[in-house]
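Residue-level structure breakdown
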Number of protein chains: 4
Amino acid sequence: MKSVETRVRVRYAETDQMGVVYYANYLVWMEVGRVELCRACGFNYRDLEEREGILLAVAEANCRYAAPARYDDEVTIKAWVEEPHSKMMTFRYEMNVGDRRIATGFTRHVFLNRELRPARLPQKYLALFQ
Amino acid sequence: MKSVETRVRVRYAETDQMGVVYYANYLVWMEVGRVELCRACGFNYRDLEEREGILLAVAEANCRYAAPARYDDEVTIKAWVEEPHSKMMTFRYEMNVGDRRIATGFTRHVFLNRELRPARLPQKYLALFQ
Amino acid sequence: MKSVETRVRVRYAETDQMGVVYYANYLVWMEVGRVELCRACGFNYRDLEEREGILLAVAEANCRYAAPARYDDEVTIKAWVEEPHSKMMTFRYEMNVGDRRIATGFTRHVFLNRELRPARLPQKYLALFQ
Amino acid sequence: MKSVETRVRVRYAETDQMGVVYYANYLVWMEVGRVELCRACGFNYRDLEEREGILLAVAEANCRYAAPARYDDEVTIKAWVEEPHSKMMTFRYEMNVGDRRIATGFTRHVFLNRELRPARLPQKYLALFQ
């Protein structure tokens, strides 16, 4: 499967009083990695929503925190799809600061239509992840 | 004008590495105060959106920070409407931790319809703020 | 083990353009539930940090999303400790809107000192969760 | 005064159910612009905190919202210092999506030491903004 690396700079807003990044923000970075993976695979996630009316809803999210990320660190988010199906999809993530692994995780998604009912990802998109 | 006090407990997520609440989060608390003011005045802001198709868009936001708020503090948000008009409305806020003033601010709003075009707040809602 | 239920009202800030709560915010609610569980068990998490110099760092977080939460919903967060140890602790969470289950999850934690090195939770706190 | 332009891509996390960026997030973007202005002027804000023990606390924040920013938009944040003083400093911001002005604002800051008491910015930093 294709994988893509995206970089984000840690914002002050993302830190907490422990002096490290607050744990929920890693899920936001996963979103950033996921969207940039789509873009690198040849489509905008925004267009998927607007043109196809297909939403990528999260069914499960998991993050293992290996080492803290700190303010102003440059975090590299590696993202790839593990199991592309037309009804469900799992994205995996590795996050590093330089050579230091800070976190790994996954998000499991289902496709929904605008009424938030189950839908299928059109085949042309599925093929793009491989 | 009616005023309403709402309490929020400072979340760890809302602090930053300075050990105090990150400045953008005060605007979230203003939202909480504004919505509870509506509720106390007799209507749900959610219903205004869903039933009337009226959105309360922010045109300007201002906050003056007098003293830091800290993790686990209980913040009292006092909110009231300054100038209720059918096209624009200004909300004012005072935030305290116990007797200590931590911030004051205002938000200026315009009413929009679902297409994000200018709209008017029905008269029955306007009267409720007084 | 003791369990505690805490209520939060969904903020507009917590929704996204899908019209439901953004998935990372459930981890913030877990924090709220965790902290209120500590309070109900007889101690402030803030005091643990300030007086004992013990930090509750997150090693893993997991959330399964069963149904969407929407703006202005009142979410009940049930939290309890699964395995209280002096070096690690797992909290479990169930989140409901009325009778509808919206999410379940867990967070696994390690105790750290102020230098972010491994530490042990004093025995007197451990006993409080049971 | 020097000005610097920084680009951020709108995250899904930053949108709300109105389908546009939630208003508090513009203050986070101001932080991003402010920090990149410091970097372009020759110093890391992180170093200022760590080496000099000088914190840039926010005394006032203001934002005027001209047009909505939407998911996946690329926002250009232009930031510059208006009045550099050793005790206070005002940053100004203009935010655009392409040629469309979406917001303008300012943040007024005071310098604090690690005990959150008033401090002065060393002269060598002051000169860098001009």
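A quick note: this is a predicted structure, and the numbers were derived from the prediction, not measured.

On to the confidence of the model for chain A. Residue and element names in this part refer to chain A. Mean pLDDT for chain A: 95, with 100% of residues reaching 70 or above. Per-element confidence in chain A is highest for strand β1 (residues 3-9), whose mean pLDDT is 98, and lowest for helix α3 (residues 123-128), whose mean pLDDT is 90. Predicted complex, confidence summary: ipTM 0.96, pTM 0.97.

Moving on, we come to the relation of the copies chain C and chain A. Once chain C is rotated about the relating axis by 180 degrees and shifted along it by 0.0 Å, it coincides with chain A to within an RMSD of 0.0 Å. Here the transformation between the copies is reduced to the relation of a two-fold axis. Taking C-alpha positions as reference, the residue of chain C nearest the rotation axis is C:N62, located at 2.2 Å.

The next subject is the packing of aromatic side chains. One pass over the full model with this rule turns up 40 aromatic pairs over all chains. Geometrically, the ring pair formed by A:F43 and A:Y125 is edge-to-face, given 4.9 Å between the ring centres and 70 degrees between the ring planes. One end of the pair, A:F43, is in the loop between α1 (25-41) and α2 (45-52); the other, A:Y125, is in helix α3, and 82 residues separate them in sequence. The pair formed by A:F43 and A:Y125 is uniform in burial state, with each residue classed as buried. Taken together, a centroid distance of 5.0 Å and an interplanar angle of 70 degrees make the contact between D:Y12 and D:Y71 edge-to-face. With D:Y12 in the loop between β1 (3-9) and α1 (25-41) and D:Y71 in the loop between β2 (55-65) and β3 (74-84), the pair connects residues that are 59 residues apart, well separated along the chain. Considered together, D:Y12 and D:Y71 belong to a single accessibility category, that of buried residues. Through pairs of rings, three or more aromatic residues link up here, namely A:Y22, A:Y23, A:Y26, A:W29 and A:Y65. Sitting above the plane of the B:W80 ring, B:K78 keeps its charged end 5.6 Å from the centroid.

Bringing the interface of chain A and chain B into the picture now. Of the residues lining the interface, nine residues belong to chain A; the matching set on chain B comes to nine residues. Approximately 960 Å² of surface area, both sides summed, lies buried where chain A meets chain B, with 59% of it carried by carbon and sulfur atoms. Our enumeration of links across chain A and chain B arrives at four residue pairs in polar contact (both at pLDDT 80 or more). Considering only residue class, the side of chain A that touches chain B consists of five nonpolar, three polar and one charged.

Residue and element names in this part refer to chain A. Here strand β2 (residues 55-65) runs beside strand β5 (residues 100-112); their pairing, made up of 10 bridges, is antiparallel. Bridging from a neighbouring strand, N62 pairs with F106 of β5. Where strand β4 (residues 88-97) meets β5, 10 bridges bridge the pair, whose relative direction is antiparallel. For F91, the partnering residue across the bridge sits in β5 and is T107.

Turning our attention to the interface of chain C and chain A. Each partner contributes to the interface: chain C provides 29 residues, whereas chain A provides 29 residues. A buried area of about 2,200 Å², summed over both sides, lies between chain C and chain A, and 55% of it is on carbon and sulfur atoms. For the pair chain C and chain A, the number of links is two salt bridges. The partner of C:R64 in a salt bridge is A:E60, and the shortest N-O contact between them spans 3.8 Å. On the surface where chain C and chain A come into contact, there are 14 residue pairs in polar contact (both at pLDDT 80 or more). Looking at the side of chain C that touches chain A, the elements with two or more residues in it are α1 (25-41), α2 (45-52), β2 (55-65) and β5 (100-112) of chain C. In terms of residue count, β2(C) provides more of the side of chain C that touches chain A than any other element does, 10 residues in total. Looking at the side of chain C that touches chain A residue by residue, the class counts come to 19 nonpolar, three polar and seven charged. Judged from the five bridges that link them, β2(A) and β2(C) form a sheet pairing that is antiparallel. When the bridges of β2(C) are listed, A:A61 appears paired with C:C63.

This part takes up the state of the cysteines. All names here are of chain A. The final tally for this structure, using the stated rule, is zero disulfides over all chains. Cysteine C41 shares no disulfide, and the gap to the nearest cysteine sulfur, in C38, comes to 6.8 Å. Residue C41 is classed as buried on the basis of its relative accessible area, which comes to 4%.

Within this structure, the stated rule accounts for 52 salt bridges over all chains. For A:D72, the salt bridge is made with A:R9, and the minimal N-O distance between the two is 3.9 Å. One end of the pair, A:D72, is in the loop between β2 and β3 (74-84); the other, A:R9, is in strand β1, and 63 residues separate them in sequence. By relative accessible area, A:R9 is classed as partly exposed at 34%. Among the ionic pairs, C:E52 bridges to C:K124, the shortest N-O distance being 3.2 Å. Taken as a pair, C:E52 in helix α2 and C:K124 in helix α3 (residues 123-128) lie far apart in primary sequence, 72 residues in all. Among the residues examined, C:K124 registers a relative accessible area of 54% and is labelled exposed.

Here is what the cut-offs are and how they apply
Residues numbered from 1 in each chain as written. Chains lettered and ligands numbered in written order. Predicted model: local features only at pLDDT ≥ 70, side-chain atom pairs only at ≥ 80, totals over all residues. Heavy atoms only, no water. pLDDT = per-residue confidence, 0-100. Helix = DSSP H or I, 4+ residues; strand = E, 2+ residues; numbered from the N terminus. Least-squares fit on C-alpha atoms with pLDDT ≥ 70 in both. Phe/Tyr/Trp six-rings, centres within 6.5 Å; stacked < 30°, edge-to-face > 60°. Buried < 20%, exposed > 50% of the residue type's maximum accessible area, 1.4 Å probe, protein only. Lys NZ or Arg CZ within 6 Å of the ring centre and 35° of its normal. Contact = heavy atoms within 4.5 Å. Buried area = accessible area lost by both parts, 1.4 Å probe. Polar contact = N/O pair within 3.5 Å; in protein donor to acceptor, adjacent residues only side chain to side chain. Nonpolar A, V, L, I, M, F, W, Y, C, P; charged D, E, K, R; others polar. Pairing = 2+ DSSP bridges. Salt bridge = Lys/Arg side-chain N within 4 Å of Asp/Glu carboxyl O. Disulfide = S-S within 2.5 Å.

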